[in-house]
Amino acid sequence: MNEDPGSTNGPAHRKWWDRLGHLFSGEPRNREELIEELRSAQANGLMSNDTLTMVEGAIKVTELSVDDVMVPRAQIVMLSADAPLSEILATVVESGHSRFPVHGDDKDEILGILLAKDLLKFVGDGNSFSIATILRPAVLIPEAMRLNVLLAEFRHTRNHMALVVDEYGGVAGLITIEDVLEQIVGEIDDEHDDEEEPQLMHEQAGGGWLVSALTPIADFNEQAGASFSDEEFDTVGGMTTSEFGHLPEVGEEIAIGGYLFHVTEADDRRVQQFRVTRPAED
């Protein structure tokens, strides 16, 4: 039994930790080199693919500006302050949004933000409706603001939406806290988003693939040019675990049919992800 938990993954992992330690203790280096080290850690099972995605996203956020991710003006669902309640309710229901900029005589005259939930009190009592009494203040920000600065402002002010204005003070777009967070954690779906099939295989820039254990063997064959049989097992995880002869741990690898399967994610019940390469690529 190994008494040193930190060494269970062998010399290759210790070598990686040495490189990362040097990276932070030495002179500052560029972000591309840091990201390369983090990707190496993920490939060696020291962090999950989801964690790597979030770390890369957090780094990316410091480089992006609001105008890189905002919803452009033409796609903003706005409400006119003069619109009757029936028209406003129809727009709210059709769009499925929860917050709406409200404008005056033209769309550059932003009067405030309407929260859909604030309309509930007027359902059945339209005679007392006055949009001016329920508007929330609008947050206006410049196009060049960095996303990390905006995220800090959202957290401080507890706002969820901001209107983006151009150099002339006109509305250029709209951005929400969800738009910023998606740059870090990836797409955030809600009940109004169309469902998409999850991507189970991700081709890697350096060669090979990150493959979910749930990937159907037929799909793996199609994308990787392999010819594994799916008569006995349906998924890559089932086939590979059978070849191991036991439940593999992170860091274990096995060659099957000309492909090397390296376990990058697993728990005490099942394997979850592999890095798959052709040995000739390494």
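See the structure above.
Residues numbered from 1 in each chain as written. Predicted model: local features only at pLDDT ≥ 70, side-chain atom pairs only at ≥ 80, totals over all residues. Heavy atoms only, no water.

### Quick look at the environment of M145
Along the polypeptide, M145 turns up in the loop between strand 5 (140-142) and helix 6 (147-157). Given the relative accessible area of 16%, M145 is considered buried. For the pair M145 and S65, spaced 80 residues apart in sequence, the C-alpha to C-alpha distance is 5.5 Å. Here M145 is in contact with L64, S65, V66, L150 and E153, once residues within four sequence places are set aside. (Helix = DSSP H or I, 4+ residues; strand = E, 2+ residues; numbered from the N terminus. Buried < 20%, exposed > 50% of the residue type's maximum accessible area, 1.4 Å probe, protein only. Contact = heavy atoms within 4.5 Å.)

### Description of the sheet that holds strand 12 (residues 271-277)
In space, the five strands of this open sheet follow the order 8-9-12-11-10, with antiparallel pairing throughout. Taken across any chain shown, the strands that pair with only one partner, and hence form the sheet edges, are strand 8 (201-203) and strand 10 (253-256). Between one strand and the next, the sheet's axes are offset by a mean angle of 25 degrees, whatever the strand orientation. Bridge analysis of strand 8 against strand 9 (residues 209-212) gives three bridges, and the strand direction is antiparallel. The residue of strand 9 that forms the bridge with H202 is L210. (Pairing = 2+ DSSP bridges. Axes fitted to C-alpha atoms, helices over the stretch in contact; angles between N-to-C directions.)

### Observations concerning a negative patch on the surface
A contiguous patch of negative charge on the surface is contributed by D82, D105, D106 and E109. Counting through the fold element by element, D105 comes out in the loop between strand 3 (99-103) and strand 4 (110-115). Judged by relative accessible area, D105 falls into the exposed class, the value being 73%. (Patch = residues over 30% accessible without salt bridge, like charges linked within 9 Å, V, L, I, M, F, W, Y side chains within 5 Å. Areas by Shrake-Rupley, 256 points an atom, 1.4 Å probe, with all protein chains shown as cover. Salt bridge = Lys/Arg side-chain N within 4 Å of Asp/Glu carboxyl O. Lys, Arg positive; Asp, Glu negative; His and termini not counted. Charge placed at Lys NZ, Arg CZ, Asp CG, Glu CD.)

### Observations regarding the sheet that holds strand 2 (residues 79-80)
Pairing in this open sheet of three strands is mixed, and the strands run 2-3-4 from one edge to the other. Two strands close off the open sheet at either side, each with one partner strand: strand 2 and strand 4. Where strand 2 and strand 3 come together, two bridges link them in parallel fashion. Within strand 3, the residue paired with L79 across the bridge is V102.

### Quick look at the pattern of salt bridges
Proximity of charged atoms lets side chains of opposite charge pair with each other. Taken as a whole and judged by the stated rule, the model has two salt bridges. Among the salt bridges present, the one from D108 reaches R73, with a minimum N-O distance of 2.6 Å. Of this pair, D108 sits in the loop between strand 3 and strand 4 while R73 sits in the loop between strand 1 (71-72) and strand 2, and the two are 35 residues apart along the sequence. You can call D108 partly exposed: its relative accessible area is 37%. Look at R73 and you get partly exposed, because its relative accessible area is 33%. Residues D118 and R136 are paired through a salt bridge, measuring 3.0 Å at the closest nitrogen-oxygen approach.

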